[in-house]
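Coordinates in review
In case you want the letters, here they are:
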Amino acid sequence: MSKQNSPILVVEDEPGIAELLRFTLAAAGFSVDVADNAQAARAALANALPQAVLLDWMLPDVPGITLLREWRNCARTAALPIIMLTAKGLDEDKVRGLNAGADDYVTKPFSPRELVARINAVLRRQSLLLATAEQSVGAITLDDERHLVLVHGVTVELGPAEFKLLRFMMGHAERVFSRAQLLDQVWGDHAFLEERTVDVHIMRLRKSLGASADCIKTIRGVGYMLNTDIPG
Ligand code: CA
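Residues numbered from 1 in each chain as written. Predicted model: local features only at pLDDT ≥ 70, side-chain atom pairs only at ≥ 80, totals over all residues. Heavy atoms only, no water.

Along strand E1 (residues 8-11), one buried face is formed by Ile-8 and Val-10 and the opposite face, lined by Leu-9 and Val-11, is buried too. Relative to strand E2 (residues 32-35), E1 runs parallel, the two being bridged by 4 bridges. In the sheet register, Val-10 faces E2, and the bridge partner there is Val-34. The parallel pair E1 and E2 is bridged by helix H1 (residues 15-27), and the resulting crossover is right-handed. Here 4 bridges tie E1 to strand E3 (residues 52-56), and the two strands are oriented parallel to one another. If you follow Ile-8 over to E3, its bridge partner there is Ala-52. (Buried < 20%, exposed > 50% of the residue type's maximum accessible area, 1.4 Å probe, protein only. Helix = DSSP H or I, 4+ residues; strand = E, 2+ residues; numbered from the N terminus. Pairing = 2+ DSSP bridges. Right-handed = clockwise from strand over helix to strand, strands pointing away.)

And the structure:
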């Protein structure tokens, strides 16, 4: 797994921070492209997919979270590793970013070492997921390449967080995970997210899965498990 394959795209309008990021990532062995506004970022992605994106929230033309939503809603970029990078430290903003499909979230001022560790963690999760592009459990099929979930061959609409949750659980069927473990695996290491966040997304996921919802078992006092032995 060569870090040189494709660059990390840094979307950041402040020249000093962009330069610091370029230096930090280059020192860690990554190649780096910088886009200093949303238009340039869109053009860079249209040209070639980067290995990952570091996306600033406050850009001069379009908010970073708008770009994030745009890319998550496009099949080509739906699974692109994206880390939000921002001065906004409010938990509600972090939750908004993660629920819009960000893979992780780093607050400025950042520690270069922590930033690199987070990028590596996101890329590691990504490479594990890419190893299994399509998986099926019972009537449910998840196609990672096309970012689609089908139940009995019919596409169901899932939010980005529900998609990631289902993808993780399908990849680890018949194993019980606590809410804290699911937060860690699906949302990244974020102590500020409450465990009931998991319950909310499990509820939405079950609703979307309709007749196949029973595959997601609540294990009382422990957490959740995806059961492969399901009728629906
Ligand atoms: Ca900015």
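What follows deals with the coordination of the calcium ion. Of the protein atoms, only Asp-13 (OD), Asp-56 (OD) and Met-58 (O) coordinate the calcium ion, at distances of 2.1 to 2.3 Å. In primary sequence terms, the donor set of the calcium ion follows D-x42-D-x1-M. Exposure remark for Asp-56: the relative accessible area of 1% places this residue in the buried category. Note on Met-58: relative accessible area 54%, which makes it exposed. (Donors = N, O, S within 2.8 Å, 3.2 Å for Na, K, Ca; no water.)

Once that is clear, we can look at the sheet that holds E1. Pairing in this open sheet of 5 strands is parallel, and the strands run E2-E1-E3-E4-E5 from one edge to the other. Two strands bound the open sheet, and with one partner strand each, they are E2 and strand E5 (104-107). Pairs of neighbouring strands in the sheet enclose a mean axial angle of 20°, with direction left out of account. Contacts from H1 reach E1, E2, E3 and strand E4 (82-86) within the one sheet, and its direction differs from that of E2 by about 165°. Helix-sheet contacts for helix H2 (residues 38-47) involve E1, E2 and E3, and the interaxial angle to E1 is about 165°. (Axes fitted to C-alpha atoms, helices over the stretch in contact; angles between N-to-C directions. Contact = heavy atoms within 4.5 Å.)

This part covers the domain arrangement of the protein chain. Domains assigned within the protein chain are domain 1 (8-130) and domain 2 (132-226). Computed over C-alpha atoms only, the centres of domain 1 and domain 2 are separated by 24 Å. At the junction of the two partners, domain 1 supplies 20 residues and domain 2 supplies 19 residues. A combined buried area of about 1,500 Å² lies between domain 1 and domain 2, and 53% of that area is made up of carbon and sulfur atoms. On the surface where domain 1 and domain 2 come into contact, there are 1 salt bridge. Lys-164 is the salt-bridge partner of Asp-103, the closest N and O atoms lying 3.4 Å from each other. Scanning the region where domain 1 abuts domain 2 turns up 3 residue pairs in polar contact (both at pLDDT 80 or more). The set of elements that each furnish at least two residues to the side of domain 1 that touches domain 2 consists of helix H4 (91-99), E5 and helix H5 (112-130). (Domains from an automatic or database assignment. Buried area = accessible area lost by both parts, 1.4 Å probe. Salt bridge = Lys/Arg side-chain N within 4 Å of Asp/Glu carboxyl O. Polar contact = N/O pair within 3.5 Å; in protein donor to acceptor, adjacent residues only side chain to side chain.)

Pairing in this open sheet of 4 strands is antiparallel, and the strands run E6-E7-E8-E9 from one edge to the other. Here the strands that pair on one side only, and so sit at the sheet edges, are strand E6 (134-137) and strand E9 (154-156). On average, each strand axis in the sheet is inclined to that of its neighbour by 25°, with strand direction left out of account. Relative to E9, strand E8 (residues 148-151) runs antiparallel, the two sharing 3 bridges. Residue Val-151 lies in a different strand from E9, and its bridge partner there is Val-154. Where helix H6 (residues 160-171) meets the sheet, its contacts fall on E6, strand E7 (140-143) and E8, and the angle it forms with E7 comes to roughly 110°.

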